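The primary structure of each chain is shown beneath.
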Amino acid sequence: MKPSSIGVLRALVLTAVLASGWCSAATWRDDLPQAQALGGGEMRFLGFRIYHATLWADQKPFQPGRAFALQLTYHRSIARDRLVQTSIDEIRRISRPAIDTATLARWETALRGAMVDVAEGDQLIGVYVPERGMRLYSEQKLLADIDDPALARAFFAIWLDPATRDQGLRRQLLGQP
């Protein structure tokens with residue numbers, strides 16, 4: 001193949017990839033360009049700071065049916081497996097009616113493929129995409145695009161559902177006194 005043909009072929013492949021939707025937003029801010037911080041606070045366990053959470057949305061007051069982002073900035077190292085297991089445990093705890101074992105196993109697999117180990121200062125950002133699912137980012141890099149609306153709702157409920165473990169953090173995220 002001639003060098004000029006290779007260049008044309010590369011351009012066609014890139015165009016096809018972009019048109020197919022395989023490439024999504026470059027950063028979480030591209031998903032929510034008008035987002036502003038609605039509120040934030042610290043997650044603590046036994047007095048130890050675990051992470052700082054910030055809720056971002058393009059509207060006030062918060063509307064859970066619209067797109068939003070939850071940004072977690074970690075104060076300590078946590079292994080991916082621990083993050084996944086804690087997420088599944090919390091989803092199981094607050095979900096009513098109870099979620100069946102097969103669904104929880106599928107969700108655990110999806111989260112394990114999406115999450116990474118974190119160290120002090122690292123950020124994980126989840127973007128809720130209504131009626132579609134969620135995107136997970138590390139700093140500004142897309143980790144996963146999960147096409148499962150039920151998993152997305154259950155995942156963000158960990159922080160935003162009235163049954164959340166940390167009511168104070170929920171109020172802070174929602175910008176409530």
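Residues numbered from 1 in each chain as written. Predicted model: local features only at pLDDT ≥ 70, side-chain atom pairs only at ≥ 80, totals over all residues. Heavy atoms only, no water.

**A look at the confidence of the model for the protein**
The predicted coordinates should not be examined in detail at positions where pLDDT is low.
Here comes step 1: Residues of the protein with pLDDT of at least 70 account for 86%, and the chain-wide mean is 88.
Here comes step 2: Within the model, the stretch residues 3-23 combines pLDDT values under 50 with five contacts to residues more than four positions away or in other chains. (pLDDT = per-residue confidence, 0-100. Contact = heavy atoms within 4.5 Å.)

**A look at the packing of aromatic side chains**
Here comes step 1: With the rule as written, the count across this model stands at eight aromatic pairs.
Here comes step 2: Considering the side-chain rings of phenylalanine 68 and tyrosine 128, the 5.1 Å spacing of their centres and the 20° angle between planes classify their relative orientation as stacked. Note that phenylalanine 68 is positioned in strand β3 (residues 68-74) and tyrosine 128 in strand β4 (residues 123-129), a separation of 60 residues in sequence.
Here comes step 3: By the ring-pair criterion, three or more aromatic residues cluster together here, those being Phe62, Phe68, Tyr128, Phe155, Phe156 and Trp159. (Phe/Tyr/Trp six-rings, centres within 6.5 Å; stacked < 30°, edge-to-face > 60°. Helix = DSSP H or I, 4+ residues; strand = E, 2+ residues; numbered from the N terminus.)

**Focus: the environment of glutamine 36**
Here comes step 1: Along the chain, glutamine 36 turns up in strand β1 (residues 36-45).
Here comes step 2: On the basis of relative accessible area, glutamine 36 is assigned to the partly exposed category, the value being 35%.
Here comes step 3: What glutamine 36 contacts, discounting residues up to four positions off in sequence, is Leu55, Trp56, Ala57 and Lys60. (Buried < 20%, exposed > 50% of the residue type's maximum accessible area, 1.4 Å probe, protein only.)

**Some details on unusual backbone geometry**
Here comes step 1: That bond from lysine 60 to proline 61 is cis: its omega, -5°, falls within 30 degrees of zero.
Here comes step 2: With respect to the element layout, proline 61 can be found in the loop between β2 (48-57) and β3.
Here comes step 3: In this structure, leucine 46 takes a positive phi of about 55° despite not being glycine.
Here comes step 4: Among the structural elements, leucine 46 can be located in the loop between β1 and β2.
Here comes step 5: Judged by relative accessible area, which is 70%, leucine 46 ranks as exposed.
Here comes step 6: Positioned with a positive phi, glutamate 131 is a non-glycine residue whose angle comes to about 65°.
Here comes step 7: Take glutamate 131: it is sitting in the loop between β4 and β5 (133-138).
Here comes step 8: A residue is classified by how much of its surface remains accessible, and glutamate 131, at 70% relative accessible area, is exposed.

**Description of the pairing of β5**
Here comes step 1: Here β5 lies mainly inside the structure; six of its six residues are buried.
Here comes step 2: Relative to β5, β4 is paired through six bridges, and the arrangement is antiparallel. Paired with valine 129 across the two strands is glycine 133, which belongs to β5.
Here comes step 3: Count of turn residues in the β5/strand β6 (residues 141-146) antiparallel hairpin: two residues, of which glutamate 139 carries a positive phi of about 55°. (Pairing = 2+ DSSP bridges.)

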